[in-house]
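Here is how the chains run, residue by residue.
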Amino acid sequence: MSVLHVTSPHVRKPMTTNAVMRHVIYGTIPGLAVLTLLFGWGTLINVVFGSLVAVAAEALVLRLRNRPILFSIKDGSAILTAVLLALAIPPTSPWWITVVGILFAIVIAKQLYGGLGSNPFNPAMIGYVLLLISFPLEMTTWIPANLTEGVAASPSFSQSLALIFGSVDRTVIDGITMATPLDTFKTYAGNDLDMLRSASVLQGSIAGVGWEWVNIAFLVGGLYLVARKIITWHIPVAMVTSLFLLAGLFYIIDPDSYADPIFHVLGGGTMLGAFFIATDPVTAATSNKGKLIYGALIGLLIYVIRAWGGYPDAVAFAVLLLNLCAPTIEYYTQPRAYGHKKANSGIAKS
Amino acid sequence: MSRQIWDIPGGIHPAQNKIQSLQTEITRADIPAELVIPTQQHIGAPAKPCVEVGDKVLKGQVIAEGNGFVSLPVHAPTSGEVIAIESRPIQHPSQIDGVCIVLKPDSNDTWGARHPIDNYQSLERNDVIDAIRNAGIAGMGGAGFPSAIKLGIKPGTKIEQLILNSVECEPYITADDKLIQERADEIIAGLEIMQWLVNPQETLIGIEDNKPDAIAAFKKATANNNIEVVVVPTKYPSGGEKQLIYMLTGKEVSSGGLPSDVGVICQNTGTAYAINRAIHHGEPLVSRITTVTGDAVKHKGNYEVLLGTPVDALLAQAGADMSAASRLIMGGPMMGFSIHDASVPVVKVTNCLLAPTTEEIPVPAQEQACIRCGSCAQVCPAGLLPQQLYWFSKSNELEKAEHFNLADCIECGACSFVCPSNIPLVQYFRFGKGQIRKHKSETIKADHARERFEFRQARLEKEEREKEQKRKARAEAAAKKQAAKKAAALANPPSDASGSPTTPGTDDVADTASNATKLKSAWASATKRWKDAEKALTIAEKNGSDQLEAFQKKVDQLKAKAEKTKALYEDAKTSAASTSPSSPSASPSPAVAPVSNDPMVQLKQASADNFKAWKDAQKKTQEAEANSADNLEALREEEATLKAKSDASKAAMKEARAKEKEAMQAKKATEDPTKQLKLDAAIARTKAKKALKALNSLDDDHASHAALKAAYEKALATADNADAALKAAEEA
Amino acid sequence: MSTVESTATDNPELDLPSTPKKTSSVDTKKIVSDGLWNNNAVLVQVLGLCPLLAVSGSIVNSLALGLATMFVITTSNIAVSMIRNYTTDTVRLPVFVMIIASFTTCIEFLMNAFTYELYLVLGIFIPLIVTNCAVLGRADAFASKNGVFASALDGLMTGLGFTLVIVALGTIREVLGQATLFDNMHLLFGDIAQNWTIHIVDDYKGFLFAILPPGAFVIMGFLLALKNIVDKKLKERATALADKPVSGSRRVRTTGNIS
Ligand code: SF4
Ligand code: SF4
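A brief look at the structure comes next.

Once that is clear, we can look at the overall build of chain A. Summing up its helical and strand segments, chain A has 18 helices and zero strands in all. The burial tally for chain A puts 57% of its 350 residues in the buried class. Contacts in chain A between residues at least 24 apart in sequence constitute 75% of all its contacts with a sequence separation of at least 6. By element, 67% of the accessible surface of chain A is carried by carbon and sulfur atoms, the whole surface being about 14400 Å².

And the structure:
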């Protein structure tokens, strides 16, 4: 009789961490598809290339740390980080942007803190912010979506390859790059309304040409995650709602200087952030109440930074700042345990 | 019947897998070749065997008696012969052995005398409760807490709800379900007895909505009485006592409290059935319904099994193919524990035997890092944060774990069930709880030791003082005597000029010599005791006893004593040597003088002293009692010791008055009680240890914890008392 | 400050309070090794981080600030040591700060006169040397208890240790940030240094992160880790070496006792 000694419970739900990561990656597919349709093959190439770099970097550090390599790589968390980062950076970013960002994300933001589950900050966003402050130029040159007036087609596969890996004179694409809608809005809103109205990236769209489709695609992917119970609705709903309400408030006050709430909700990286970045379980709050607070504060910070900060988009900064607050939120939103009059709150006294 | 059902937080919906074992009627299991009946099938002290090897017993005969308040008797499940009383592997998560009575059935299954109570209403409630206790009935759902204790509510406690727990939320198990379907009337009869016992405002039956047949049976059986069947939605773990109480009444049992604190008593279905059998039929608890299921079992179903039936016999009857089984689980898949040794017996709490195949319940995957997904917190029915508890238990930050209410975890396993990283959370929690318990009992132990030490220190000081005083008194007396003698000698020198002056000298010599002899024998005995203790220590060391330190200390003490006596003896010898050859006119040395005194006077003095000390202590204790001082215990102990001392010295004095021979006998007599006391102390210690073990083995978070703890503390106190008495006796 | 004081007790011979010590009895080797490595102001005591992180963006800045700090530590150590028997405990800190401030003012004026551009670049961080804990720390923990020569040496070595770390940090940041070495060295050394700049990679995009304070933190973290690794390796080697004779002697001793 081969009985083995295992403690209860003996049955488990079939959902595993690996499956969670896999599903989140699946969830990004609609967004990835739309980005590819609108901006060319760049994003897809970055995703694949970035994943390879991430796996290599993870394997290297695990080796240095004397940890089982294959076991940890199989959990898919490194690939997920790479995918999220690649989705966030411009499709035509040169290869070294991806490499630097991912190395920093995996090696410093994740593994140096102890690997999966121990990192206080979302690694993909740390990588993104590092890139943003180090290479502001590269990180803000987006080619316009191919729906934009006066823009012919998005780069073909070979063109994208050349842009990313080739030593193409990048000034060539400077001719075709434009500021992103959020950027444009930031530049002109409140002072040059004519320019704002005539900016081609904003023509005929509700949140910048193409961007509403990108956001809707991420929303669809996010709903898939909610349906699969990979994430709960709390963080995305709280985040989008607070962003919407705040934007609505200021839009009512001064529609000339402030963009309308739809523009905020469907513009930039809002949906990617709401469903895929802010919901990263490792760095978010865990209780339902905590998640609501966490999401709402992210929405608030996004609006504050977009409206009055120095950077056009703010998902990454907002998420990182709230990562910092997550433990505190946790301490003050503990559930009440059965048989206790009051919920614990605050830090354990010792 | 629109009763509000409160919803518990969290909960999970594992695959039910109940249908497999519901296909057949309850089958009577065969009487096996040999029954192994553990003396401990319940929470509390194990029963004391009251039969000898070779005794013929009848079915239902008591073969082990309950041993204390939290304990239950054990009955012979069938007629046969006792062939052994020995340690055997028993049902326990940590696979320990326990004392078992092994019975060889004679296959006649003859009942002994049965005393059904026809009209229990005419009896005193306590008599009925005693009958339940004497039938050996324990909670048959999980932990096995003696039912009589639960039913024996404190007078004045108002019970609002009596709840029959028929939820049976664990997957696979259908023992209660089947029992209800087939014998609902008998269960209700048992429930009515309990109803009469605790007189609740309402009586509820909680049952999950996945048992339509059982619900129908219950509805039929309760048509004519005031028992209400409340159907709750299927969700694990709604069968947890606290969870069910909340679902049905909206009341929460406060952390660390008992259901009766909020006016609720919750009993298990099987228990109600057993109570019915015990009262109406006079049958003690000797069998139970056990579900045998899992894909490795051919004839899945429910079996009525004699307690003590080895698991492998039952499995064999059910046609289990153990080579196909991935593991063997006693209990359900959520809270049961896997057993290695299939020879362990079925006991009062064994509701299920699960032998799943590898496909059914695969080998657990490797544990991954916690990704803080919070799923565990979402499903925890106790509202805990398992991910935090996990972290604290793992890093041994026990205080924080306690702060996060680790103690309120009911170990239901819902968190482990959902954890995507395959973390065996419950295992960590059990570990953490064990650590905390260990920590606590260590602190208690340390406190006790400190108290004892301080007490001893005080006593020694006092003794020292008393001795000092006595010595002074004696020295004075001797000096006076000397002076008087000298004066006398001076007064009439001519009459005894030859002998008189020598008298004091020879006296001294003789005394010193006898003193030396005494000391020598004292030294010898002290040395012997030391050596004995050392031997014991070596043995203890070999066995890895946990009282090693105590032993060590004792040995050291004895050694010191032996050395001291030796030194004294040598002193005495030299002084004797120096005294004897000295000239008759040499004056006695003051150091030796006090010894040469009348023993009677000494005894009298000591007796008076001791008496006074006792009186003082008594007064102090009374005062303390009045002020409810917190060192009452210590004072009481002191008083007891002093009293014993005083009494002993009185006795000694009386005896000393008698002849020399009688005195010798008296000495012997005092030695005997010492032995008895020693024995008592040892017994008390063992009891305490056992209680502690029971406490530690109590994995389930259950109300009985407090009671057990009380029992343990009582045992410990008894042990201490016995020790103190022993010490006193030894001193006397 | 507590770190500083505790380090003073590391040296048993430096522990005796305010009794003037003969310079000859001071262990110069220990002072040197403590200042440069074992008790390095930055890598071990983690002092003076504010200027360290703020101005270590390039080699020239680092070198300038390092030298200035070294100057202040050495001179103030000497001065403090000279008056150590004439200041009471109660007023010693204000006195030390005054002394340090005077020397800082000196170096500020000197830089203003000779390396004006650098003076502008370093800006507030030169006056801020006064508040550098490493300076006051050495004055209080060492110079106020030791002779002039020992104090001078200690100041020099602590300053040198500080300078080495800050220059290392500056080098890494300069290479990462703009892929050059010795850029702008003429600010410090005059015209001969005009062509010292080495370009490692042509057409480097610039890595702003390394130039910005967060980069300094990260690189600093790596330097600390490096020091710990080196120390660990050294210790391992030391124990490996030390093990042999010890075990040998033990063997000799135990022969009689065993069994
Ligand atoms: S379910 Fe598992 S992985 Fe998720 S938070 Fe709880 S312990 Fe961590
Ligand atoms: S085992 Fe404990 S922590 Fe886990 S779900 Fe059950 S009660 Fe909560």
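Next comes the rest of the account.
The next point concerns the sheet that holds strand E17 (residues 352-354) of chain B. Residues and elements named next belong to chain B. In space, the six strands of this open sheet follow the order E1-E14-E13-E17-E15-E16, with mixed pairing throughout. Each having just a single partner strand, strand E1 (27-28) and strand E16 (337-338) make up the two edges of the open sheet. With two bridges connecting them, strand E15 (residues 329-330) and E17 associate as antiparallel partners. The residue of E17 that forms the bridge with Met330 is Leu353.

By nearness alone, every residue bordering ligand 2 is listed as Cys380(B), Pro381(B), Pro386(B), Cys409(B), Ile410(B), Glu411(B), Cys412(B), Gly413(B), Ala414(B), Cys415(B), Val426(B) and Phe429(B). Broken down by class, the residue content of the shell around ligand 2 amounts to 10 nonpolar, one polar and one charged.

A few words on the pattern of salt bridges. Residues and elements named next belong to chain B. Going through the model one piece at a time under the given rule, you end up with 28 salt bridges over all chains. Ionic pairing is found between Arg28 and Glu304, a salt bridge with its closest N-O pair at 3.8 Å. One end of the pair, Arg28, is in strand E1; the other, Glu304, is in strand E14 (residues 301-306), with 276 residues separating them in the sequence. Judged by relative accessible area, Glu304 falls into the buried class, the value being 10%. Across the pair Glu86 and Arg88 runs a salt bridge whose closest N-O atoms are separated by 2.7 Å. The class for Arg88 is partly exposed, based on a relative accessible area of 21%. Via salt bridges that share partners, Arg114, Glu186, Arg277 and Glu283 belong to a single interconnected network.

Once that is clear, we can look at the side chain of Asn46(A). Mapping Asn46(A) onto the fold places it in helix H3 (residues 42-64). The buried category is assigned to Asn46(A), whose relative accessible area is 0%.

Parameters and conventions
- Residues numbered from 1 in each chain as written.
- Chains lettered and ligands numbered in written order.
- Predicted model: local features only at pLDDT ≥ 70, side-chain atom pairs only at ≥ 80, totals over all residues.
- Heavy atoms only, no water.
- Helix = DSSP H or I, 4+ residues; strand = E, 2+ residues; numbered from the N terminus.
- Buried < 20%, exposed > 50% of the residue type's maximum accessible area, 1.4 Å probe, protein only.
- Contact = heavy atoms within 4.5 Å.
- Areas by Shrake-Rupley, 256 points an atom, 1.4 Å probe, with all protein chains shown as cover.
- Pairing = 2+ DSSP bridges.
- Near = heavy atom within 4 Å.
- Nonpolar A, V, L, I, M, F, W, Y, C, P; charged D, E, K, R; others polar.
- Salt bridge = Lys/Arg side-chain N within 4 Å of Asp/Glu carboxyl O.

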